[in-house]
Amino acid sequence: MGLRALGHEVVFPAAQEPIDWNAFDIVHLFQHGPWCLGLLHGLKVARPRVFYSPIIDPPKPYGRLAGLISRLPLEKLRLAQNQRLLRLYGGLCDRMLARSGHEADSLCAIGVPAGRIATVHIPMSKPWDIDDAAVATHPRNGAVLHVSHLNQPRKNARALIELSVSKGFPLRLAGSVSDPGFRSWLDQVQKDHPNVTYLGRISDGEMLDEMLSCAVFCLPSLYEGVGLVALDAGYCGANLVVTDRGGTPEYLRACSIQIDPSEPSALGSAIARALQLPVPNLAARRHVIDNFSIPASARSLAAAYDAA
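Model, not experiment: these values are computed from the prediction. (Residues numbered from 1 in each chain as written. Predicted model: local features only at pLDDT ≥ 70, side-chain atom pairs only at ≥ 80, totals over all residues. Heavy atoms only, no water.)

**Q** Any chance you could explain the pairing of strand β2 (residues 49-53) here in plain terms?
**A** Residues in a regular strand point their side chains to alternate faces of the sheet. Counting buried positions along β2 gives 4 out of 5 residues, so the element sits mostly inside the fold. Across 5 bridges, strand β1 (residues 26-30) lies against β2 in parallel orientation. Directly across from His-28, in β2, lies its bridge partner Phe-51. Between β1 and its parallel partner β2, the chain crosses via helix α2 (residues 35-46), and the hand of that crossover is right-handed. The pairing of β2 with strand β3 (residues 95-98) spans 2 bridges and is classified as parallel. Following the sheet pairing, Tyr-52 is matched in β3 by Met-96. (Buried < 20%, exposed > 50% of the residue type's maximum accessible area, 1.4 Å probe, protein only. Helix = DSSP H or I, 4+ residues; strand = E, 2+ residues; numbered from the N terminus. Pairing = 2+ DSSP bridges. Right-handed = clockwise from strand over helix to strand, strands pointing away.)

What follows is the structure, encoded as structure tokens:
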């Protein structure tokens with residue numbers, strides 16, 4: 001969407017149809033897997049410029065062990081090892097795009113030349129279009145909002161729920177619950193503590209209303225690659241309490257309260273502080289619009305293309 005708005009032609013090739021790769025200036029691949037290796041070798045012959053966007057979400061950037069593993073020619077044993085594949089891709093692509101410096105560090109650690117890595121921040125998850133007046137006048141409910149796959153351990157939602165129970169602040173939760181034991185526990189929490197509300201999976205429209213209504217959006221993950229949902233909430237003017245692990249601080253350091261997610265006392269203090277701040281948080285909204293809207297990210301991506 002963003003590239004097309006800048007006047008570029010964007011095509012999504014269909015794998016089952018013949019493709020003339022030489023018709024393209026740029027071929028951009030997303031995510032990664034062993035299926036890519038043959039394609040990348042073929043693109044080397046065709047010679048469009050090739051960009052690659054992996055998704056690397058380790059709790060800490062890759063280090064020496066990952067670097068050593070990436071040197072082992074495991075493909076000769078027909079083994080598709082993640083770090084080894086990324087190293088090979090780094091040698092075949094014109095650019096590897098990282099979503100953050102955190103991700104770029106991982107690519108460097110596994111032998112991708114620094115000159116082939118460009119950091120391009122990605123945008124909000126949806127093309128939200130809300131004007132300042134709507135954000136300023138939307139009634140706020142004074143609640144803390146959290147959206148995620150709630151029973152996924154790295155999302156750290158249980159710690160947030162337990163904190164709401166002990167401190168009494170209103171907490172609204174949305175997203176998937178795939179573990180029956182967690183769901184049973186959450187149902188009991190709601191019965192015993194009316195300040196905790198689980199909304200289930202909600203539509204984009206409902207999500208927008210929740211983000212415009214909350215006082216605080218909390219993302220206490222043990223680690224996050226980016227934390228797009230926090231960008232969405234910042235765009236909607238919520239006060240933000242976010243993890244200090246992974247790429248999230250790079251995106252939201254200027255307009256959020258960062259916490260060590262392993263410290264419940266730090267999380268509790270940060271939420272108490274955020275609940276006292278005025279809403280809407282116009283500084284967060286302006287920061288997201290200027291840097292992480294779809295047009296802003298498209299401009300950064302086009303600049304990375306031009307540089308190649």
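**Q** What am I meant to see in the nonpolar core here?
**A** When a protein is soluble and globular, its nonpolar side chains tend to lie buried together. Grouped together as the largest cluster of nonpolar side chains are 29 residues, with contacts concentrated most on Met-211, Phe-217, Leu-231, Leu-240 and Leu-252. Broken down by element, the residue count for this core peaks at 5 residues, all from helix α10 (residues 228-235). Filtering out sequence-adjacent residues up to four positions away, Phe-217 remains in contact with Leu-145, His-146, Val-147, Met-211, Val-229, Ala-230, Ala-233, Ala-238, Asn-239, Leu-240 and Val-241. Among the nonpolar cores identified, the runner-up in size contains 24 residues, and Leu-171, Tyr-198, Ile-257 and Ile-259 belong to it. (Core = buried A, V, L, I, M, F, W, Y, C linked by side-chain atoms within 4.5 Å. Contact = heavy atoms within 4.5 Å.)

**Q** Sorry if this is basic, but what is going on with helix α9 (residues 204-213) here?
**A** In an α-helix, one full turn covers 3.6 residues, which means residues spaced three or four apart are oriented alike. Within α9, the full set of buried residues consists of Met-207, Glu-210, Met-211, Leu-212 and Ser-213. Each element contacted by the buried residues of α9 is listed here: α6 (132-137), β5 (144-147), β6 (171-174), β8 (216-219) and α10.

**Q** How should I be thinking about the environment of Met-1 in this particular structure?
**A** As for its placement among the helices and strands, Met-1 is situated in the segment before α1 (2-5). What makes Met-1 exposed here is its relative accessible area of 68%. Expressed as a C-alpha distance, the spacing of Met-1 and Ile-294, which sit 293 residues apart in the sequence, is 7.7 Å.

**Q** Which parts of the structure should I look at to understand the layout of surface pockets?
**A** To locate leftover empty space, one rolls a probe as large as a water molecule over the atoms. Size it by volume and the largest pocket reaches roughly 1600 Å³. Contributing to the lining of the largest pocket are 47 residues, with Leu-3, His-28, Phe-30, Leu-301 and Tyr-305 lying nearest its centre. Of all elements in the fold, only α1, β1, α2, β3 and α14 (294-307) reach the threshold of two or more residues within the lining of the largest pocket. The dominant element in the lining of the largest pocket, judged by the number of residues it contributes, is α14, at 7 residues. Taken together, the residues of the lining of the largest pocket sort by class into 33 nonpolar, 8 polar and 6 charged. Volume-wise, the second largest pocket comes out at about 530 Å³. Around the second largest pocket, the lining comprises 26 residues; the ones closest to its centre are Val-147, Ser-148, His-149, Met-207 and Val-229. Counting residues per element, the ones that place at least two in the lining of the second largest pocket are α9 and α10. (1 Å grid on protein atoms, 1.4 Å probe; cavity = no way out; pocket = protein on both sides within 12 Å on 5 of 7 lines; lining within 4 Å. Points joined across faces, edges and corners; volume = space filled by probe spheres on them. Nonpolar A, V, L, I, M, F, W, Y, C, P; charged D, E, K, R; others polar.)

**Q** I would appreciate a short explanation of the pattern of salt bridges in the present structure.
**A** Opposite charge on two side chains lets them pair, provided their charged atoms get close. Counting across every chain of the model gives 13 salt bridges. Taking the shortest distance from any N to any O, the salt bridge between Arg-84 and Glu-75 comes out at 3.0 Å. A relative accessible area of 29% means that Glu-75 is categorised as partly exposed. In the salt-bridge network here, residues are joined through shared partners; they are Asp-132, Arg-285, Arg-286 and Asp-290. (Salt bridge = Lys/Arg side-chain N within 4 Å of Asp/Glu carboxyl O.)

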